[in-house]
Amino acid sequence: MIAAHNLFISYRGRNILRNASLEAKPGQVLALVGPSGCGKSSLLAALNRMTDLIPGATVSGQITFGGAPINSVFATRAELCRHVGMIFQKPNPFAMSIRRNIELGLREHGERSRAKLKQITEHVLRDVGLWDEVQHRLDHSALELSGGQQQRLCIARAIALKPQVLLMDEPCSALDPIAAERVEQLIQSMRGQYTIVIVTHNLAQARRLADSIAVFWTREGIGEIVEHGPTETIFETSSSEIVNSYLSGRRG
Amino acid sequence: MTNTSSIKTGSPRSSGHRTREYAAGIFIWFAASVVMAILAWIVVDITVRGLSQISLSYLINNVADAGRSGGIGPVILSTILILLVTLATAVPLSMASAIALTEQVGHDSLLARYIRLSLDVLSGVPSIVFGLFGNVFFTITLGLGYSILSGGLTLGCMVLPILIRTTEQAINSVPVEHRHAAAALGLSRSTTLFRVVLPAAAPALAAGIVISMGRALAETAALIFTAGYVARTPESVFDSGRSLSVHIYDLAMNVPGGGPRAYAAACVLVGMLLVINGATALLLKVAGFRIAPHFGARR
Amino acid sequence: MSRSDLLLKIATRTSAALSATVVLLILGFLFRDAAPALREIGLSRFLTDPSWHPLYGHFNLTPMIVATLATSLGAVILAGPLGIASGVFVHFYAPSALAAWHRRIVELLAGIPSVVFGLWGLTVLAPMIAIWGGSGQNLLTATIVLALMVLPTVAVFADNAVAAVPSESIRGAAALGVERWGIIWNIVLPQARTGIIAGVVLAMTRALGETMAVLMLAGNVVEMPTSLLSPGRTLNANIALELGYASTSHRSVLFVSGLILMLVVSLIVTAISWRRRSGQ
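Residues numbered from 1 in each chain as written. Chains lettered and ligands numbered in written order. Predicted model: local features only at pLDDT ≥ 70, side-chain atom pairs only at ≥ 80, totals over all residues. Heavy atoms only, no water.

### Details of the overall build of chain B
- On a plain count of helices and strands, chain B comes out with 11 helices and 2 strands.
- Secondary structure elements of chain B occur, N-terminal to C-terminal, as α-α-β-β-α-α-α-α-α-α-α-α-α.
- Scaling as 2.2 N^0.38, a compact globule of 299 residues should have a C-alpha radius of gyration of about 19 Å, whereas chain B reaches 25 Å, well beyond that.
- Each principal axis of the C-alpha atoms in chain B carries an extent, and together these give about 90 × 65 × 35 Å.
- By residue count, 54% of the 299 residues in chain B fall in the buried class.
- For chain B, the exposed surface amounts to about 12400 Å²; the carbon and sulfur share of it is 66%. (Helix = DSSP H or I, 4+ residues; strand = E, 2+ residues; numbered from the N terminus. Rg over C-alpha atoms; globule rule 2.2 N^0.38 Å. Buried < 20%, exposed > 50% of the residue type's maximum accessible area, 1.4 Å probe, protein only. Areas by Shrake-Rupley, 256 points an atom, 1.4 Å probe, with all protein chains shown as cover.)

### Digging into the overall build of chain A
- In terms of helices and strands, chain A carries 11 helices and 10 strands.
- Here chain A has a C-alpha radius of gyration of 18 Å; the compact-globule value for 252 residues is 18 Å, and the two agree.
- Seen through its principal axes, chain A has C-alpha atoms that stretch 55 × 40 × 30 Å.
- In chain A, buried positions account for 57% of the 252 residues.
- Pairs at least 24 residues apart make up 67% of the contacts formed inside chain A by residues separated by at least 6 positions.
- Total accessible area on chain A is roughly 10600 Å²; 48% of this is exposed by carbon and sulfur atoms.
- Here chain A contributes 28 positive and 24 negative side-chain charges, whose respective centroids are spaced 5 Å apart. (Contact = heavy atoms within 4.5 Å. Lys, Arg positive; Asp, Glu negative; His and termini not counted. Charge placed at Lys NZ, Arg CZ, Asp CG, Glu CD.)

### Some details on the nonpolar core
- With 255 residues, the main nonpolar core has Leu32 and Leu125 of chain A as its most contacted residues.
- Per-element tally for this core: the top contributor is helix H6 (residues 139-163) of chain C, with 16 residues.
- The contact partners of Leu125 of chain A, leaving out residues within four places of it in the chain, are Ile98, Ile102, Leu130, Trp131, Val134, Leu138, Leu153 and Ala156 of chain A. (Core = buried A, V, L, I, M, F, W, Y, C linked by side-chain atoms within 4.5 Å.)

### With respect to the pattern of salt bridges
- Inspection of every chain in the model, using the stated rule, returns 24 salt bridges over all chains.
- Note that Asp159 of chain C and Arg103 of chain C form a salt bridge whose closest N and O atoms lie 2.5 Å from each other. With Asp159 of chain C in helix H6 and Arg103 of chain C in helix H4 (residues 96-111), this pair connects stretches of sequence that are 56 residues apart. Here Asp159 of chain C matches Arg103 of chain C in class, with each residue buried.
- Because the salt bridges share partners, they merge into one network encompassing Arg18, Arg219, Glu220 and Glu224 of chain A. (Salt bridge = Lys/Arg side-chain N within 4 Å of Asp/Glu carboxyl O.)

### Some words on the environment of Arg157 of chain A
- One can find Arg157 of chain A in helix H7 (residues 147-159).
- For the pair Arg157 of chain A and Gly147 of chain A, spaced 10 residues apart in sequence, the C-alpha separation works out to 15 Å.
- Setting aside chain neighbours within four positions, we find Arg157 of chain A in contact with Asn92, Pro93, Phe94, Asn101 and Ile102 of chain A together with Gly172 and Leu176 of chain C.

### Some words on the interface of chain B and chain C
- The interface of chain B with chain C comprises 82 residues on the first partner and 85 residues on the second.
- When the two sides are added together, the surface that chain B and chain C hide from each other amounts to roughly 7600 Å², 76% of it contributed by carbon and sulfur.
- Here chain B is connected to chain C by 10 residue pairs in polar contact (both at pLDDT 80 or more).
- Per-element tally for the side of chain B that touches chain C: the top contributor is helix H1 (residues 14-50) of chain B, with 18 residues. (Buried area = accessible area lost by both parts, 1.4 Å probe. Polar contact = N/O pair within 3.5 Å; in protein donor to acceptor, adjacent residues only side chain to side chain.)

### Some details on the pairing of strand S2 (residues 14-24) of chain A
All names here are of chain A.
- In the sheet, strand S1 (residues 2-11) pairs with S2 via 7 bridges, with the strands oriented antiparallel. Counted as the bridge partner of Leu7 is Ala20 from S2.
- The turn joining S1 and S2, which pair antiparallel and follow one another in sequence, is formed by 2 residues; a positive phi near 45° is taken by Arg12. (Pairing = 2+ DSSP bridges.)

### Some thoughts on the pairing of strand S10 (residues 222-230) of chain A
All names here are of chain A.
- Bridging between strand S9 (residues 212-219) and S10 involves 8 bridges; their strand directions are antiparallel. Note that in S10 the partner of Thr218 across the bridge is Gly223.
- Taking the residues between adjacent antiparallel strands as the criterion, S9 and S10 are bridged by 2 residues, where Glu220 takes a positive phi near 55°.

### Quick word on helix H8 (residues 180-209) of chain C
- With 30 residues, H8 of chain C ought to run about 44 Å at 1.5 Å a step, yet its terminal C-alpha atoms sit only 37 Å apart, falling short of that.
- In the structure, H8 of chain C departs most strongly from a straight axis at Arg193 of chain C, where the bend amounts to approximately 60°. (Expected span 1.5 Å × (residues − 1). Bend = angle between axes of the 7 residues up to and from the residue.)

Take it as geometry only, folks, not as evidence of what the structure does.
As structure tokens, this is what we get:
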């Protein structure tokens, strides 16, 4: 569904990522694993052109969506974001009511009908399992929710736009274990319906969730992908010494 | 929940929002340009009309023909004397007060809150009201008459709030590690203050003093009824004198044909202020502050 | 506590107390010299006397109160949007070098003396406004220049307030495909609202406190202004113009007007202070 080909990323002249290529097939989960500072989050940011907003960031190489280069598929960055959503590590609901959090993106992308807005809001809140918890306080501030609820709200907010792809940057790492598990279960339930690219430090989580993984490492201070393929293949039969050490916990 | 992968490239809302983004961009750029253009206009206007009249003799010579010709020597002297009096009164008082607020009194105690509130109110007092106060208190009650001293003391009251605030910020910006190190060495509070903290805060302190000088230089209404109006050469701080800003006012409003010389004086004044501005920025850079306008601003 | 520490404690606390007393001194002396007018003439006459003619014992302050309010409110109405736009500009529209210059320019603008604004207004702006009639010395000219003078206050507060909006909210909105103005209008400005309002209110107090530029530009007529192009005189300008030759009762009335201004400004400042305290 979405793929990167020979991606090079640098911030203000400092090389972050070198020659990265990977592919997330439709409906599948691709996990990006590796120690900190290997360029995983940077690659994710390049996929929905968040890098455009970082001063001094340069991205070269190609990103394709459904086989075609993203700049020819989507006329604007806003259009791209409608189809490729992003969830951040630290839940970041807007300082508004729960309802407005979800409606803002929809309004900005042209949805005007109040009936449709209400319908979509209920729909996505049910999908993330928040509806029963918040249906009576939709007009209360989203900041009153717990961390785990906030993160599920952010997911709801993103899927309200009906994207094909979801990019998740360590969505569980800032949450307590129980909340993290709920979010992980949510992600599990989304397999097949969305193509998901998830950055995670939690190898067990990657093994549970991902259909394929890409292992990142640094060489000479620049991040690169040392191995990628189906999850079980990598975990069981990788021939790379680095990958084996990392996956078995001996390094990284 | 199914997802069709039909991708529509032109979404229905694009044109409406594109117009909005465009219009907003135009408004913002227009507004910002107006601000920058007006400042440029004023500075250029002053320079063009005033610079040609400025020479060393202009700066030193006496005022002639009610100011229409001659120089501004006595005016500059008066201005400098007034500034010196202002600094002499305000700097020690504000530094001691700021030290009290940062070190001695509890930060949120009732006393501290009252002091800060009174300083906030003081900084909002209209300049002419300072003139009234100075006239009543320094000129009449304390019997100083129209004098440089009266004017300087009045301006001292006026710059007190900003000077205290900047001094506080300067002291608070000294990293707490310095104090820890001093405490670990067993230094007394006063030694820590005078030998460690204040020296470290010195550039920012200086910046605050320089900012206050800029404020004092710009002041007019408070001086007319305290330092006096007549353009004469003061022989001591007990004599009256006319400051640069008052001189500009007189030439612009009360002296027919005083326009050109008013511009010359304005050019000198703005020049002084530009130097002050540059000095502030430099000092703050040395002190490690990033953005000057936030220094001294009420948060 | 060592002897030097004790000395320090005494000296600093005394100084702080002294600094805090200045404002009380001002209030006290203002009251003292305003009292005769308040006693002999009484507050209501300041609003009901036939006109402002001190020589005939007429002390109606209303035309000047109106002029003061008109110029100050007008200045804030003009400076508000410009200042907010300035704050948004440096964070979202300007390339970083231009943003730095813009901030420097705003800072310079803040430092330009009142009389210089007045001089520029007299020579450059008034003739332009005179095209619409009169000498160009009227409330409109004064309001425009006053707006320029208080603009930096709004701009600096807006700058700080916009900077304080958490970047996660902005990134979150960007990831949803919300465009620049959409982010500013829906996310940034609502969250920056408190700081911006504080800036606007402070700008109002500055406008109320301004004397020289308005004196030089508003014309010198003490009559109820009928339109923006009418000349007028503010309370501040009035004090500055008449204090020099005012006799006792006249002088006392001038002190009353000074006192009114100071009380109004003090109330506003105290109100902001309380709101900030309770909001923390």
